Amino acid sequence: MVEAASYRFLSPPRKRQDAASTSPRCNDQETISMSPIPTLLRSLPHSARPPKPNRRVLPGFGLTLGFAVAYLGLIVLIPLAGVFLRASGMTWEEFWTITTSRSVVATYKITFGVSLAAAVTNAVFGLIAAWVLVRYRFPGKRIFDGIVDLPFALPTAVAGIALTTIYAETGFLGQFFYAWGIETAYSRIGIYIALTFIGLPFVIRCLQPVLEDLDKEVEEASATLGAGRWQTYRRIIFPAILPAWLTGFSLAYARAVGEYGSVIFISGNMPFRTEITPLIIVKYLEQYQFAEATAVAAVMLVASFIILLFINILQRWSESFGKARS
Amino acid sequence: MEAKKTMHAPKLHRFRASSVPRTRFATTEHPAVRWLLTGITVTFLTVFLLFPLFTVFHEAFSRGMEMYLASFDDRFIRHSIKLTLMTAAIAVPLNLIFGIAAAWAVTKFDFRGKSLLVTVIDLPFSVSPVIAGFVFILIFGAHGYLGPWVEKAGIQIVFAFPGIVLATTFGTVPFIARELIPLMEAQGRDEEYAAMTLGASGWRTFFKVTLPNVKWGLFYGVILCNARAMGEFGGVEVVSGSISGRTNTMTLQIQQLYFDYATVPAFAVASVLAFLALVTLILKNALEWWSHR
């Protein structure tokens, strides 16, 4: 339960959640009334339903919702809106010049490109790891399963200095890479390593519950009907885990795009080569170039909103997928 | 084909013998494949997770226990620890109250825009931490919307403690709410309805019925939120100005020490936070194991 709980916002919604969010009215009536009338009412169009008396039985609706909305407004929404408000004070030309300047575009390429590479790596290895952790037994499995969440709990700055130490020229793993002529620290490869670390839990934790729920009987049936193992993967298992897999991938990508703490230690922060977009915002701020910082921040925010929207669409998809299956 | 074979008695034995491996691997992989996949997983997780964790403690103790302990005998490091503890002591309770209120509203009532509210709770998670600090500079900074007003009132928010608390709170908003919502959703509303029917007040219902049901999930949420609050970096760096001995939190102090080539003290401070992360993970697994039993 705890596992499901902690990753609920990372994983496709469960059935209960789904029932409550998609048809809240039906859910409520089922718990309160035993008569068959609500079933009848449900088939009526919304406007034809009579108003339901005292639907909110429990107290505190106004207080808790009011507080939650006010809190989110003050801490999250108004501050974020401030970025767009400030950006809207610029002329379009000004905004365009800043956000498409050579140095800024170079950071987009690094941030979005390397994040993609890291998220793809996590998608591939995460799929293998989730499969192994759910299906096989091997010594130390519990420890490996438990440690998956480490990037989630370990401060990014700590991860950053640890990874830099490992992959530096004299480092534990770095010495081998440097011997082969691969510069792992202070390069894009370093950024890639840090972003892979940061996004590691998402694909695994999104896939695990889905793989656990997967009916072994369906696979047995598939094998009985003469399907080879590959055919079963392709036609039975893969379609079932696809939405969760894509959700995990997008979450890892979203996390990597915004990541700052672990990257700045290992990247070396060279303009045009290893400078990420969040860092250029910090640099603009240090030089009191607020207009530049605001414009680039607005672009980053829009990018994260788009990824978040995509994740929401994916979750809707996996919800409808779950319904179709059951 | 195979059905035909079984009809001929003499061939039955051969059919069985040849089909044994096929049925054995019909719903699992060949042992060699299993070994390969397990090997890949163990290597991947060891390289990416165990090595960094090990490195933190290895580097912190590389010059021996005495040097490790001596690292904490530094005014700036002590101040950074104090500042981090104070920040978490404000940010975590704020997010605890918010988490409980949001979870109560979302799981015990039906209203329009519920899924929008849930999405907004997740928002800080996908926003870059740098932006989390930047937004408060835009509001309270010298050129910010409320900058002149704040200055007139004599309060310093940016490059000071309040700014650090704001950026940390922003970054850790989702954690407790997201822990509670699925738990309380799964509990349903029947027990609360029963309590109300029996005449309990709203507060009594919450403390005697709802809270005992979710207390361990809530506990883990608080621990996770605390670990994240203490580890907050990007947002705090932007908003605090990183003034050693004044606005440096633990993570900022780590950065400063590391860039000053003070490796042992940097990893010594990092080891404290890594230990906190380990405790968080162990607790999560213990609670999971306990609830599965």
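Description of the structure in this document. This one's a predicted model, so the numbers in the text were calculated from it and none came from an experiment. (Residues numbered from 1 in each chain as written. Chains lettered and ligands numbered in written order. Predicted model: local features only at pLDDT ≥ 70, side-chain atom pairs only at ≥ 80, totals over all residues. Heavy atoms only, no water.)

A count of helical and extended segments in chain A gives 17 helices and 0 strands. Taking the contacts inside chain A whose residues are at least 6 apart along the sequence as the reference set, 74% of them involve residues at least 24 apart. Entry remark: accessible area of chain A is about 14900 Å², with carbon and sulfur atoms responsible for 65%. (Helix = DSSP H or I, 4+ residues; strand = E, 2+ residues; numbered from the N terminus. Contact = heavy atoms within 4.5 Å. Areas by Shrake-Rupley, 256 points an atom, 1.4 Å probe, with all protein chains shown as cover.)

This next bit is on empty space enclosed by the protein. With the rule as written, the count across this model stands at 8 cavities of 30 Å³ or more. Lining the largest cavity are 27 residues, with A:Thr156, A:Arg255, B:Pro129, B:Arg228 and B:Glu232 sitting closest to its centre. Among the elements of the structure, helix H9 (150-153) and helix H14 (229-258) of chain A together with helix H6 (114-126), helix H7 (129-140), helix H9 (161-171) and helix H12 (202-231) of chain B are those that each provide at least two residues to the lining of the largest cavity. By residue class, the composition of the lining of the largest cavity is 15 nonpolar, 8 polar and 4 charged. (1 Å grid on protein atoms, 1.4 Å probe; cavity = no way out; pocket = protein on both sides within 12 Å on 5 of 7 lines; lining within 4 Å. Points joined across faces, edges and corners; volume = space filled by probe spheres on them. Nonpolar A, V, L, I, M, F, W, Y, C, P; charged D, E, K, R; others polar.)

What follows deals with a negative patch on the surface. All names here are of chain A. A surface patch of like charges, here negative, comprises Glu212, Asp213, Asp215, Glu217 and Glu220. Every element with two or more residues in the negative patch is listed here: helix H12 (188-213) and helix H13 (216-224). Of note, Glu217 is situated in helix H13. Judged by relative accessible area, Glu217 falls into the exposed class, the value being 55%. (Patch = residues over 30% accessible without salt bridge, like charges linked within 9 Å, V, L, I, M, F, W, Y side chains within 5 Å. Salt bridge = Lys/Arg side-chain N within 4 Å of Asp/Glu carboxyl O. Lys, Arg positive; Asp, Glu negative; His and termini not counted. Charge placed at Lys NZ, Arg CZ, Asp CG, Glu CD. Buried < 20%, exposed > 50% of the residue type's maximum accessible area, 1.4 Å probe, protein only.)

Right, let's get into the side chain of A:Thr196. Mapped onto the elements, A:Thr196 comes out in helix H12. Not counting residues up to four positions away in its chain, the partners in contact with A:Thr196 are A:Ala118, A:Thr121, A:Asn122 and B:Phe48.

What follows is about the interface of chain A and chain B. Often, the extent of an interface is quoted as the loss of accessible area on bringing the components together. Taken residue by residue, the interface counts 106 residues in chain A and 107 residues in chain B. Taking both sides of the interface into account, the surface hidden between chain A and chain B amounts to around 10000 Å²; carbon and sulfur atoms contribute 76%. Linking chain A with chain B are 2 salt bridges, by the criterion used here. At the boundary of chain A and chain B, one finds 13 residue pairs in polar contact (both at pLDDT 80 or more). With 17 residues, the top contributor of residues to the side of chain A that touches chain B is helix H5 (residues 61-88) of chain A. (Buried area = accessible area lost by both parts, 1.4 Å probe. Polar contact = N/O pair within 3.5 Å; in protein donor to acceptor, adjacent residues only side chain to side chain.)

Before going further, it helps to examine the side chain of A:Thr164. For A:Thr164, the location among the structural elements is in helix H10 (residues 156-167). Look at A:Thr164 and you get buried, because its relative accessible area is 1%. Apart from residues lying up to four places away in sequence, A:Thr164 is in contact with A:Tyr186, A:Phe265, A:Ile266 and B:Tyr258.

Our focus in this paragraph is the packing of aromatic side chains. Evaluated as defined, the whole model comprises 38 aromatic pairs over all chains. Judged by centre distance (6.2 Å) and plane angle (70 degrees), the ring pair of A:Phe202 and B:Phe125 falls under edge-to-face. Pair noted here: A:Phe202 is in helix H12 and B:Phe125 is in helix H6, and the two residues belong to different chains. You can call A:Phe202 buried: its relative accessible area is 0%. (Phe/Tyr/Trp six-rings, centres within 6.5 Å; stacked < 30°, edge-to-face > 60°.)

Right, let's talk about the environment of B:Thr27 for a bit. When you line up the elements, B:Thr27 lands in the loop between helix H2 (9-24) and helix H3 (31-60). With a relative accessible area of 17%, B:Thr27 lands in the buried category. In the structure, B:Thr27 is positioned 147 residues away from B:Pro174 in sequence and 40 Å away in space, judged by C-alpha atoms. Not counting residues within four places of it along the chain, the set of residues in contact with B:Thr27 comprises A:Arg135, A:Lys216, A:Glu219, A:Glu220 and A:Arg229.

Turning our attention to the nonpolar core. Counting 178 residues, the largest nonpolar core has A:Leu80, B:Phe98 and B:Ile131 as its most contacted members. Counting residues domain by domain, this core receives three or more from each of domain 1 (26-60) and domain 2 (73-291) of chain B. Each residue touching A:Leu80, except ones within four places of it in the same chain, is listed here: A:Leu301, B:Leu123, B:Val127, B:Ile131, B:Val135 and B:Phe170. (Core = buried A, V, L, I, M, F, W, Y, C linked by side-chain atoms within 4.5 Å. Domains from an automatic or database assignment.)

Enumeration over the complete set of coordinates arrives at 14 salt bridges over all chains. In this structure, the salt-bridge partner of A:Arg229 is B:Glu29, at a minimum N-O distance of 3.1 Å. Here the residue A:Arg229 occupies a position in helix H14, and B:Glu29 occupies one in the loop between H2 and H3, the pair thus bridging two chains. Like B:Glu29, A:Arg229 is buried. Between B:Lys114 and B:Asp110 there is a salt bridge; the shortest N-O distance is 3.6 Å. Overall, B:Lys114 belongs to the buried group, its relative accessible area being 9%.

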